[in-house]
Amino acid sequence: MSELAIHGGNPVRTKLLPYGRQCLDEEDIRNVVEVLRSNWLTTGPKIQEFERAFAHVAGTREAVAVCNGTAALHAAMHALNIGPNDEVIVPAITFASSANAVIYQGGTPIFADVDADSLLLDPDSVISKVGPRSRAVVAVDYAGQPCSYDLLRDIARRFNLALVADACHALGAALGEKPVGSLADLSTFSLHPVKHITSGEGGVITTDNPALAERMRIFRNHGITLDHRQREAIGSYAYEMTDLGHNYRLTDFQCALAMSQLQKLPGFLRRRQEIAARYDAAFAGNECLRPLRTRADAFHAYHLYVILLELSRLSVNRDAIFGALRAEGIGVNVHYKPVYLHPYYQKRFDTRPGACPVAEKSFESMITLPLFPEMTSEDINDVVTAVEKVLGYYRR
Ligand SMILES: *Cc1c(COP(=O)(O)O)cnc(C)c1O
């Protein structure tokens, strides 16, 4: 076995392979430039065109475009009227903004544990966290796999909670025949460059409820009922601010990019699934790790490929493995540290280690491997070679 790069040996790659990146082509660029030459740079015709196309993909009546995925979560919390004294149940393992959005509204996020094999929100843990102030559940489709919406919908109905999907990992995923986007009362998406499709920054909320969609359209425009183009169309200067909102609008040239990228989503998903299948095959039978468990009736969008290290079979911890893989030129990552362990949460909500034991234990063994549509066959081989090299060295 060749010497590890971290010990001075030759790395598997000399140039770091990132864990994710955008996939743009000349057509995408042309579509953006076309809007840059038009009359509308923001709040123009591209927004509605994109919202309709996105709603079609999500299988919903409505889609509302906003300036990023965090704004999408904030708009969802606002549409549901989350406020002070309200609690919203959020999984411990997620990006911080799933929980931050609750706090923007003055509410309190309550963290529920995840399933040890899939890292998806554990429905039993949700039930154990429901209290008299609970108003909503945010389910995160971690890594691109839909949560158990069948069970979560029943729980939401039983306790009279709204169900929100933070589907930022799962554009294009489905559970049975039902696309992600249509599985909860409100579903949020991000158009950040590492996500399935990008507009640089961008976000979308999907829903079948037109009243909630209307509230979110007003919210993204300062709380004003008529936008710029609607006023021009009726020939009036007058508008009314009926609510306190934000400027969470997406520009038309970003929307042109999102629209162009949306056409390519099926191909992106196919490639992500192919790469995941290559990893699955390469790691089957490797006793030092296990990939996340997937459901047979789910169409997985594979935003991330996450492995859980079998630490009992290794002589070092996750951070050492992480450092060794980085030294080999593999841009591994970790998604995510339990949100309530961040200093802000510990200080503000007095959260403590021990609150969600499965999440904390999983955090110690998780590593995200590179996965993005433009990875080549050699890139995939490099990742597999580096993982086998490093785990083989530290195996005990
Ligand atoms: C990316 C992401 C967000 C936030 O999206 P931004 O567009 O970066 O604001 C929220 N939740 C999850 C789970 C995400 O992965």
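Worth saying up front: this structure is predicted, and the values here are computed from it rather than measured.

## A short note on the overall build of the protein
- Each helix and strand counted, the protein has 14 helices and 13 strands in total.
- Here the C-alpha radius of gyration of the protein, 22 Å, is about what a compact globule of 396 residues would show, namely 21 Å.
- Principal axes of the C-alpha set define a box for the protein whose edges measure 75 × 55 × 40 Å.
- Relative to its full complement of 396 residues, the protein shows a buried share of 55%.
- Restricting the contact set of the protein to residue pairs at least 6 apart, pairs at least 24 apart contribute 72%.

## Concerning the sheet that holds strand β7 (residues 178-179)
- If you trace the 3 strands from one edge of the open sheet to the other, you get β7-β6-β11, paired in antiparallel fashion. Every other strand in the sheet has two partners, leaving β7 and β11 (298-299) as the edge strands with one partner each.
- Here strand β6 (residues 174-175) pairs with β11 via 2 bridges, running antiparallel. The residue bridging leucine 175 from the neighbouring strand is alanine 298, located in β11.

## Some remarks on the site of the ligand
- In the region of the ligand, 15 residues are neighbours, and Gly69, Thr70, Asp166, Ser190 and Lys195 sit closest.
- Within the side chain of histidine 169, an N or O atom sits 2.9 Å from an oxygen atom of the ligand.
- With respect to the ligand, the side chain of serine 190 contributes an N or O atom lying 2.7 Å from an oxygen atom.
- Protein contact buries 91% of the 380 Å² of open area that the ligand shows by itself.
- Elements that contribute at least two residues to the shell around the ligand include exactly α3 (69-79) and α4 (97-104).

## Focus: the sheet that holds strand β5 (residues 162-166)
- Here 7 strands make up an open sheet; going across it, the order is β1-β9-β8-β5-β4-β2-β3 and the pairing mixed. Strand pairing shows two members of the sheet lacking a second neighbour, β1 (62-66) and β3 (108-112), which therefore form its edges. Looking at each pair of strands side by side, their axes are set apart by 25° on average, direction ignored.
- Running at roughly 150° to β5, helix α6 (residues 149-159) makes contact with β4 (134-140) and β5 of the sheet.
- Docked against the sheet, helix α7 (residues 210-219) engages β1, β8 (186-190) and β9 (203-207), running at close to 15° with respect to β1.

## Quick look at the pattern of salt bridges
- By the definition in use, this model includes 24 salt bridges.
- A salt bridge links glutamate 27 to lysine 264, with the shortest nitrogen-to-oxygen separation between them at 3.3 Å. Placement of the pair is glutamate 27 in helix α1 (residues 26-36) and lysine 264 in the loop between α9 (252-262) and α10 (265-283), with a sequence separation of 237 residues.
- Linking arginine 352 and aspartate 350 is a salt bridge whose minimum nitrogen-to-oxygen distance equals 2.9 Å.

## Describing the packing of aromatic side chains
- Counted by the stated rule, this structure contains 13 aromatic pairs.
- Consider the rings of tyrosine 279 and tyrosine 305, whose centres lie 4.9 Å apart with planes at 55°: the pair is tilted. Of the two residues, tyrosine 279 is situated in helix α10 and tyrosine 305 in strand β12 (residues 305-309); the sequence distance between them amounts to 26 residues.
- Judged by centre distance (5.5 Å) and plane angle (85°), the rings of tyrosine 344 and tyrosine 345 are edge-to-face.
- Given a relative accessible area of 43%, tyrosine 344 falls into the partly exposed group.
- Each residue in the set Phe111, Tyr340, Tyr344, Tyr345 and Phe349 is aromatic and connected to the rest through ring pairs, giving one cluster.

## Regarding the side chain of serine 362
- Assignment of secondary structure puts serine 362 in helix α13 (residues 357-365).
- The class for serine 362 is buried, based on a relative accessible area of 6%.
- At 2.7 Å, the side chain of serine 362 and the backbone oxygen of valine 358 are in polar contact.
- Contact partners of serine 362, with chain neighbours within four places excluded, come to Leu119 and Leu308.

## Some words on the domain arrangement of the protein
- By the assigned domains, the protein splits into domain 1 (5-21 + 265-394) and domain 2 (26-262).
- Between the C-alpha centres of domain 1 and domain 2 the distance comes to 27 Å.
- Each partner contributes to the interface: domain 1 provides 40 residues, whereas domain 2 provides 44 residues.
- Together domain 1 and domain 2 conceal approximately 3400 Å² of surface at their shared face, both sides included; 60% is due to carbon and sulfur atoms.
- When the buried surface of domain 1 facing domain 2 is broken down by residue, Leu265, His303 and Tyr336 rank first, second and third, together holding 20% of it.
- The tally of links between domain 1 and domain 2 comes to 4 salt bridges.
- For aspartate 117, the salt bridge identified is with arginine 290, shortest N-O distance 2.9 Å.
- At the surface where domain 1 touches domain 2, the tally comes to 19 residue pairs in polar contact (both at pLDDT 80 or more).

Definitions and cut-offs
- Residues numbered from 1 in each chain as written.
- Predicted model: local features only at pLDDT ≥ 70, side-chain atom pairs only at ≥ 80, totals over all residues.
- Heavy atoms only, no water.
- Helix = DSSP H or I, 4+ residues; strand = E, 2+ residues; numbered from the N terminus.
- Rg over C-alpha atoms; globule rule 2.2 N^0.38 Å.
- Buried < 20%, exposed > 50% of the residue type's maximum accessible area, 1.4 Å probe, protein only.
- Contact = heavy atoms within 4.5 Å.
- Pairing = 2+ DSSP bridges.
- Near = heavy atom within 4 Å.
- Polar contact = N/O pair within 3.5 Å; in protein donor to acceptor, adjacent residues only side chain to side chain.
- Areas by Shrake-Rupley, 256 points an atom, 1.4 Å probe, with all protein chains shown as cover.
- Axes fitted to C-alpha atoms, helices over the stretch in contact; angles between N-to-C directions.
- Salt bridge = Lys/Arg side-chain N within 4 Å of Asp/Glu carboxyl O.
- Phe/Tyr/Trp six-rings, centres within 6.5 Å; stacked < 30°, edge-to-face > 60°.
- Domains from an automatic or database assignment.
- Buried area = accessible area lost by both parts, 1.4 Å probe.

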